[in-house]
Amino acid sequence: MSVENVLKSIQENNIEWVDFRFVDLSGRAHHISLPASAVDADTFVNGVAFDGSSIQGFRGIEESDMVMIPDPEATYVDPFTAHPTLNVMCDIFTPDGERYERDPRGIAVKAEEFLKESGVGTAAFFAPESEFFIFDDVRYESGTNSSSYFVDSEEASWNTNRKEDGGNLGFKVRTKGGYVPVAPVDTQQDIRSEMCRILEEAGLSIERHHHEVATAGQAEINFRFDTLKKTADNLLVYKYIVHNTARQYGKVATFMPKPLFGDNGSGMHVHQSIFEGDSPLFYDKAGYANLSEMALHYIGGILYHAPALIALTNPSTNSFKRLVPGYEAPVNLVYSKGNRSAAVRIPVAAVTPKGCRIEFRTPDSTANPYLAFSAMLMAGLDGIKRKINPTELGYGPLDKNIYDLSDADKENIRSVPASLEEALDALAADNEFLTAGGVFTKDFIENYINLKRDEAKAVAIRIHPHEYSLYFDC
């Protein structure tokens, strides 16, 4: 949409407020609202000022002035505000007009430009499968003398014997028993359908929704693939609408990877492919799982750089509570067709040449999508450039259920880092593939690692409630 059309839309939809948004390093959106009467064509040139020193990981107080430059191609009418509001995604610039190197969305722009300049292809397409939980009650605290969390859901397996007003009606979701049951076991059909309706009104093309494996209201909604930056934009819209629709229903949605002990966590399986114009470059009927040599080299780059990559695709301490064997988590750094126990899966059911793609199953939705998608693309492009053959490096293909293999058979299979600290160490040691073409800068990577190390330390030094169970009576 052009600036002219955005301004026309403001008039036609009787918009009262224009909400300018940007994303921080963690992937959380921030916003400033201007009266629609104050927004004109110059706003899209001069931008909207904000204080960068108040955003973690951005700038110091001595150089805090920053500017949001609105993107007229990234707008939608907010479905939740009482006063008609148009949401506009922005890029971040310095006051002297330079693109800010720590702006995650700006990094996505540079990654797409790098792909074109590389001569490999003209566009990279991404499609995340972002899982989440819908809870009825969430309480937590972390203080000097107490630390706890509590979540609850009307569907939860632990509520089979709970006394309820009017009596307990049963039909609870068993642990690991929540994959696509019908009502009355699945109580959340309507809320997911409402999320999908609002998402489509915001411009996303919905493919399907369903209940996921875990108890207590795990869900998944899939939307259609798009280019890297556009898909990252769509994922921010997706999370905003999921969060706020749940709230309208008196519930709460979370994309936290592992909110429950002893059941499956929530991942973000990321499908990806490269095109040259309208021609898919990952398809070759003669190749393994219909993959071209380019696609195999792309997989090689993903798996070779995976330990460092995971610092960006799984950037929370909680991410590594999900990445443990036994809960369908893709901890094994191998590739395979149709095998969900592998880190990289090649979908083979009902796939056309244009639908031929690879699926990196390790990421989760605590990732900033602009950073995660850009990093995956850069790893894959490095694999293509260096012709990294995943088979020669021992990354498969492995068309077996890896979880059922003997310890001896698993000996030579690399696993993901065991903690955020390990992933950050890997990123510190292996980041040249990210800095190619100036897509990620050394300053950004060092700053990012420092911020995440602070998070890891904050968790590590705190007393865990389970430690009382283990050690209090020593």
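Residues numbered from 1 in each chain as written. Predicted model: local features only at pLDDT ≥ 70, side-chain atom pairs only at ≥ 80, totals over all residues. Heavy atoms only, no water.

1. Observations concerning the pairing of strand 16 (residues 342-346)
In the case of a regular strand, side chains alternate between the two sheet surfaces.
(1) Moving on: Of all five residues that make up strand 16, five are buried, and the element is covered over most of its length.
(2) Moving on: Pairing between strand 15 (residues 332-337) and strand 16: four bridges, direction parallel. Its bridge partner lying in strand 16, Ser336 is registered against Arg345.
(3) Moving on: Two strands pair when backbone bridges link them, and strand 16 and strand 17 (residues 358-360) are joined in this way by two bridges, in the antiparallel orientation. (Buried < 20%, exposed > 50% of the residue type's maximum accessible area, 1.4 Å probe, protein only. Helix = DSSP H or I, 4+ residues; strand = E, 2+ residues; numbered from the N terminus. Pairing = 2+ DSSP bridges.)

2. What to know about the side chain of His269
(1) Moving on: Structurally, His269 is set in strand 13 (residues 268-276).
(2) Moving on: Residue classification places His269 among the buried positions, given a relative accessible area of 7%.
(3) Moving on: Ignoring sequence-local partners within four residues, the contact set of His269 consists of Ala127, Pro128, Glu129, Glu131, Arg322, Glu359, Phe360 and Arg361. (Contact = heavy atoms within 4.5 Å.)

3. Here's the deal with the nonpolar core
(1) Moving on: In terms of nonpolar packing, the biggest core is built from 118 residues, with Phe132, Tyr238, Ile274, Phe373, Leu377 and Phe440 touching the most fellow members.
(2) Moving on: Of the residues forming this core, the biggest block, 11 residues, is contributed by helix 9 (residues 369-386).
(3) Moving on: Both of domain 1 (3-100) and domain 2 (123-459) provide at least three residues apiece to this core.
(4) Moving on: Phe133, Val151, Ala156 and Leu260 belong to the second largest nonpolar core, which has seven residues in total. (Core = buried A, V, L, I, M, F, W, Y, C linked by side-chain atoms within 4.5 Å. Domains from an automatic or database assignment.)

4. Considering the domain arrangement of the protein chain
(1) Moving on: According to the domain assignment, the protein chain consists of domain 1 (3-100) and domain 2 (123-459).
(2) Moving on: On a C-alpha basis, the centroid separation for the pair domain 1 and domain 2 is 29 Å.
(3) Moving on: Each partner contributes residues to the interface: domain 1 has 18 residues there, and domain 2 has 20 residues.
(4) Moving on: Across the domain 1 to domain 2 interface the summed buried area is about 1500 Å²; carbon plus sulfur atoms make up 63%. (Buried area = accessible area lost by both parts, 1.4 Å probe.)

5. As for the UniProt feature "binding site: ATP" (unreviewed entry) in the protein chain
(1) Moving on: The residues that UniProt annotates with the feature "binding site: ATP" (unreviewed entry) are Glu207, Phe223, Arg224, Phe225, His271, Gln272, Ser273, Arg340 and Lys354. For the second largest pocket, the lining residues drawn from the annotated set are Glu207, Phe223, Arg224, Phe225, His271, Gln272, Ser273, Arg340 and Lys354.
(2) Moving on: Among the secondary structure elements, Phe225 is positioned in the loop between strand 10 (218-223) and strand 11 (226-227).
(3) Moving on: Note that Ser273 resides in strand 13.
(4) Moving on: Non-local contacts of Ser273, meaning those with residues more than four positions away in its chain, are made with Ala123, Ala124, Phe125, Phe282, Cys356 and Arg357. (UniProt positions renumbered as here; feature names shortened; annotations may be inferred. 1 Å grid on protein atoms, 1.4 Å probe; cavity = no way out; pocket = protein on both sides within 12 Å on 5 of 7 lines; lining within 4 Å.)

6. Section: the sheet that holds strand 1 (residues 17-23)
Two modes of strand pairing occur in sheets, parallel and antiparallel, and in both the strands are linked by backbone hydrogen bonds.
(1) Moving on: The five strands lie next to each other as 2-1-5-4-3, forming an open sheet whose pairing is mixed. At either margin of the open sheet sits one strand with a lone partner, and together these are strand 2 (29-35) and strand 3 (48-51). If you compare each strand with its neighbour and ignore which way they point, the axes differ by 40 degrees on average.
(2) Moving on: Inspection of the sheet shows strand 1 paired to strand 5 (residues 85-93) by five bridges, in the parallel sense. Paired with Val18 across the two strands is Leu86, which belongs to strand 5.
(3) Moving on: Along the sheet face, helix 1 (residues 3-12) touches strand 1, strand 4 (65-77) and strand 5 and points at about 70 degrees away from the line of strand 4.
(4) Moving on: Along the sheet face, helix 5 (residues 228-248) touches strand 1, strand 2, strand 4 and strand 5 and points at about 80 degrees away from the line of strand 4. (Axes fitted to C-alpha atoms, helices over the stretch in contact; angles between N-to-C directions.)

7. Regarding the side chain of Asp152
(1) Moving on: Looking at where Asp152 falls in the secondary structure, it is placed in strand 8 (residues 147-152).
(2) Moving on: Once you skip the residues sitting within four places of it in the chain, Asp152 turns out to touch Phe135, Asp136, Asp137, Trp158, Asn159 and Arg162.

8. Quick word on the packing of aromatic side chains
(1) Moving on: Counted according to the given criterion, the structure contains 17 aromatic pairs.
(2) Moving on: Relative to Phe275, the ring of Phe125 has its centre 5.2 Å away and its plane inclined at 75 degrees; by these criteria the two rings are edge-to-face. Within this pair, whereas Phe125 is found in strand 6 (residues 123-135), its partner Phe275 is found in strand 13, the two being separated by 150 residues in sequence. Phe275 shares its class with Phe125; the two are buried.
(3) Moving on: A connected cluster of aromatic rings, assembled from ring pairs, spans Phe22, Phe50, Phe58 and Tyr100.
(4) Moving on: Taking the ring centre of Tyr240 as reference, the NZ or CZ of Arg21 above it sits at 4.3 Å.
(5) Moving on: A cation sits over an aromatic face here: Lys239 above Phe255, 5.2 Å from the ring centre. (Phe/Tyr/Trp six-rings, centres within 6.5 Å; stacked < 30°, edge-to-face > 60°. Lys NZ or Arg CZ within 6 Å of the ring centre and 35° of its normal.)

9. Some words on a nonpolar patch on the surface
(1) Moving on: Residues Val138, Tyr140, Tyr149, Val252 and Phe261 make up a contiguous nonpolar surface patch of roughly 620 Å² in combined accessible area.
(2) Moving on: Looking at the element boundaries, Tyr149 is found in strand 8.
(3) Moving on: Using a relative accessible area of 55% as the deciding quantity, one classes Tyr149 as exposed. (Patch = residues over 30% accessible without salt bridge, like charges linked within 9 Å, V, L, I, M, F, W, Y side chains within 5 Å. Areas by Shrake-Rupley, 256 points an atom, 1.4 Å probe, with all protein chains shown as cover. Salt bridge = Lys/Arg side-chain N within 4 Å of Asp/Glu carboxyl O.)

10. Concerning the pattern of salt bridges
(1) Moving on: A full pass over the atoms with the stated rule returns 23 salt bridges.
(2) Moving on: Lys251 is the salt-bridge partner of Asp136, the closest N and O atoms lying 2.4 Å from each other. Linking Asp136 in the loop between strand 6 and strand 7 (137-142) with Lys251 in the loop between helix 5 and strand 12 (252-254), this pair joins segments that are 115 residues apart in sequence.
(3) Moving on: Residue classification places Asp136 among the partly exposed residues on the basis of a relative accessible area of 31%.
(4) Moving on: Of the residues examined, Lys251 reaches a relative accessible area of 16% and is grouped as buried.
(5) Moving on: Several salt bridges converge on common partners, so that one network encompasses Asp71, Asp91, Arg105, Lys229 and Asp233.

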